[in-house]
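Architecture at a glance
Listed here are the chains, written in short residue letters.
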Amino acid sequence: MKIGIINYNACNLASIYFSLYRLGYDPILINNKNKIKKIDKLIIPGVGAAKSCLDYLKENSLFDEIKIFLKSGKPILGICLGLQIFSKKLHEHGISQGFGFIDAEVVPFKKRKKFNIGWSILKVNEDLDFIKPFSEKSFYFCHSFYLKFNDSLDKKYCKGIIDFEEVVPSLIIKKNFMGVQFHPEKSQRNGNKLLKLFLNWKPKLNV
Amino acid sequence: MFRIIPSLLLSNKKLVKGKNFSNYINAGNPVATISALEHQTADEILLIDLDAYKLKTEPDINTLKKIAEISSTPITFGGGVDNFKLSKRILTNGADKVYINTALFHNKGLIDEIALCFGNQSIVGGINLIKKNNKYILAEDKSQKINPIHYAKELENRGIGELKVTYVNLEGTKLGLELDYSKKILYEMNIPVIFEGGIGKLEHLLECYKINISSVALGTLIIFSDYHIIKIKQYLKNENCVVRI
C-alpha cells in the first residue's frame, strides 16, 4: 500500500513522515500532480496558514488532483489545516475557498482565549463502532481557527468534538474522507492508534 | 489540561543544564532523553539550541531531525532564530512551533512572515525577565524603561500564538516561581502563557496551578533530580489538578 503525504511547502512534514515510518510504512512526499496517481491513501498534514496553503495547491495543480482523488473513493486523512481546507470557506489571513466537500466555514476563536494549544479530551459519537475506542482519549491540539458547520445535514458527519471556548468539531468522517482537528502525529500513543485506524480503514462509500 | 513541558538546552549535540544562564554541564543524549520523557507523558518539549543563541552558530537541525524520527511529542525549537528562512527549516524538520525571543525585540515583522506561511499558532514568543531594583525589566531592554507586560501584549497583538516567560534570576534556584508578577501577566494576556524559572519542588507546581497557570516549563526539576514526570503528575492529580496521565 502506497501512502502519500501532500507537501504544500509549509506543514510539519518531518513529524508526519516519521510517525508513518515508525508504523512500518514508507510514505511518498507529493509536491506535484503526477505523483498522486500512484497513491492508495492520501494524508494532508497541518501546521500552515489557510491562504498560503490553498494558493500553493492551486498554483501547483494539486487542488484539482486532490478533488479527483476524493471522488475516486480512496481514503484521505486531513490533519488540522488539512481538514479545514475541505470546508467551503476559510477566514485565515483573508478569505479563501476550500474544496467545499464539508458544508462548513473555518472561523477564528473570538472569545477570551484566542488559541487552543495543548491536550484535550475527545468526545466521540458512539454510532460508529470503530471509533469508540477513542472516546475520552486525549489528543494534542494547536490551532486558532476551527470548523463551524453550516446548518445542514452535513453536521451528521461530525463524529467527535472537544469543548473549548466553543464546541470544536474534531473528528469528521464523510464517505472516504477522515478529518481531525488534532495532531495524531504528535499525540503519542493515542495518536498512533488513530493513524493505524486510518491506515487500516476501508471506508463505506454509502455512509 | 495543565501542561508540563521539559525545557532542554542543546549544545554541541548534547543536552546541558546550567544555573542563571551559565555554568553549563553535560546532561545527556537529546534523542534518548526525549524518548524517555515521551514515555513519561511529557506534554510537550521545549528545546533551545544554546550555541545558536550564544555563539550565533547555525541551529542544530540535524539533531532536531533525529528527535523527530523517534518522537511523537510536540516540539518547540529555538535559539537565536532571527529570520523566516531558518524558521521554515525548523518547522519542516521536526518542530511544530518555533521559539523566538531576542529577534522579536528588534523585528516584529518576523511574526507576520512566519504566520502567513505557517499560521500564528506556530510562533512562541519569549521574554526573559530580570529583576532590578525590585522591578522586572526585559533582558534585551537597555533603556530599562519598557514595561514587560505591555511588550508581551504587543507581541500578542502582532500575532504570536503563545508567550513564554522566563524569570532569569530564578533559573536553577529552586526558590519557586514568581507568582505575583505571573498573575499580572496572565490577567493581561489572551493567549497561552508558559512560565519557567525557580520551580524546584512539587509544591511549587501546585502554587502555579492555583493561580491558573496552564503551562510550565521545567528544567532543573526534571534534568537534575530524580523527579519523574509521572510522579509529578500523580502528585498534581492527588491534589485534584487536571493533568494528562
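Notes on the structure follow.

Observations regarding the overall build of chain A
For chain A, the helix and strand inventory stands at six helices and 14 strands. Over its C-alpha atoms chain A spans a radius of gyration of 16 Å, differing by no more than 12% from the 17 Å that the globule rule assigns to 207 residues. In terms of principal-axis extent, the alpha carbons of chain A reach across some 45 × 40 × 35 Å. Expressed as a percentage of its 207 residues, the buried residues of chain A come to 49%.

Regarding the overall build of chain B
Along its length, chain B carries eleven helices and eleven strands. When burial is assessed residue by residue, chain B has 49% of its 245 residues classed as buried. Across chain B, contacts joining residues at least 24 apart in sequence account for 65% of those joining residues at least 6 apart.

A closer look at the sheet that holds strand β4 (residues 76-79) of chain A
Reading across from one edge, β2-β1-β3-β4-β14-β13-β12-β9 (chain A) is the order of the eight strands in this open sheet, with mixed pairing throughout. Looking at strand neighbours, the two that pair on one side only are β2 (28-30) and β9 (123-124) of chain A, the edges of this open sheet.

Structural notes on unusual backbone geometry
Of note in this structure, C80 of chain A is not a glycine but carries a positive phi near 55°. Positive phi is not limited to glycine here, since N12 of chain B has a value of about 50°. Mapped onto the secondary structure, N12 of chain B falls in the loop between β1 (3-11) and β2 (14-19). A residue is classified by how many C-beta atoms lie within 10 Å of it, and N12 of chain B, with 12 of them, is exposed.

Considering the interface of chain B and chain A
The interface is formed by 29 residues belonging to chain B together with 31 residues belonging to chain A. Mapped by element, the contributors of at least two residues to the side of chain B that touches chain A are α3 (61-70), α4 (84-92) and α6 (109-118) of chain B. With four residues, the top contributor of residues to the side of chain B that touches chain A is α6 of chain B.

A look at the pairing of strand β12 (residues 158-163) of chain A
Residues and elements named next belong to chain A. For β9 and β12, the ladder comprises two bridges, and the chain directions are antiparallel. What sits directly across from K123, in β12, is I161. Pairing between β12 and strand β13 (residues 167-174): five bridges, direction antiparallel. Paired with I162 across the strands is V168, a residue of β13. Linking β12 back to β13 in an antiparallel pair, the connection comprises three residues.

Some points on the sheet that holds strand β7 (residues 104-108) of chain A
All names here are of chain A. Spatially, four strands are ordered β6-β5-β7-β11 in an open sheet, and the strand pairing comes out mixed. Strands at the two margins of the open sheet, each flanked by one partner only, are β6 (96-97) and β11 (145-149). Across two bridges, the pairing between strand β5 (residues 89-90) and β6 is antiparallel. Residue pairing across strands places L90 opposite S96, the latter belonging to β6.

Topic: the environment of L110 of chain B
All names here are of chain B. Along the chain, L110 turns up in helix α6. For the pair L110 and I211, spaced 101 residues apart in sequence, the C-alpha separation works out to 32 Å. Dropping the residues within four chain positions of it, L110 is found in contact with F84, I100, A103 and L104.

Digging into the nonpolar core
Core analysis: the biggest nonpolar cluster contains 134 residues, and C53 of chain A together with I45, V98 and V216 of chain B have the highest contact counts within it. The leading source of residues in this core is α6 of chain B, at six residues. Excluding anything up to four places from it in sequence, V216 of chain B contacts I4, I5, I194, F195, E196, I199, L205 and C208 of chain B.

Section: the environment of L155 of chain B
All names here are of chain B. Its location among the elements puts L155 in helix α7 (residues 148-158). Overall, the presence of 22 C-beta atoms within 10 Å leaves L155 in the buried class. Residues L155 and F105 lie 50 residues apart in sequence; the distance between their C-alpha atoms is 9.2 Å. Excluding residues within four positions of it along the chain, L155 makes contact with L104, G125, I160 and L163.

Some remarks on α7 of chain B
Residues and elements named next belong to chain B. When we look at burial in α7, the residues that qualify are P148, A152, L155 and E156. Projection of α7 onto a plane perpendicular to its axis shows the buried side chains occupying an angular sector of 100°, all on one side. In α7, the exposed positions that point more than 90 degrees away from the buried face belong to H150 and N157. Residues of α7 that are buried make contact with α5 (102-106), β7 (123-132), β8 (135-138), β9 (162-167) and α8 (179-188). Directly after α7, the chain includes G159, whose backbone phi takes a positive value near 125°.

The rules behind each value
Residues numbered from 1 in each chain as written. Chains lettered and ligands numbered in written order. Predicted model: local features only at pLDDT ≥ 70, side-chain atom pairs only at ≥ 80, totals over all residues. Helix = DSSP H or I, 4+ residues; strand = E, 2+ residues; numbered from the N terminus. Rg over C-alpha atoms; globule rule 2.2 N^0.38 Å. Buried ≥ 20, exposed ≤ 12 C-beta atoms within 10 Å, placed from the backbone. Contact = placed C-beta atoms within 7 Å. Pairing = 2+ DSSP bridges. Core = buried A, V, L, I, M, F, W, Y, C linked by C-beta atoms within 7 Å. Arc of directions from axis to C-beta.

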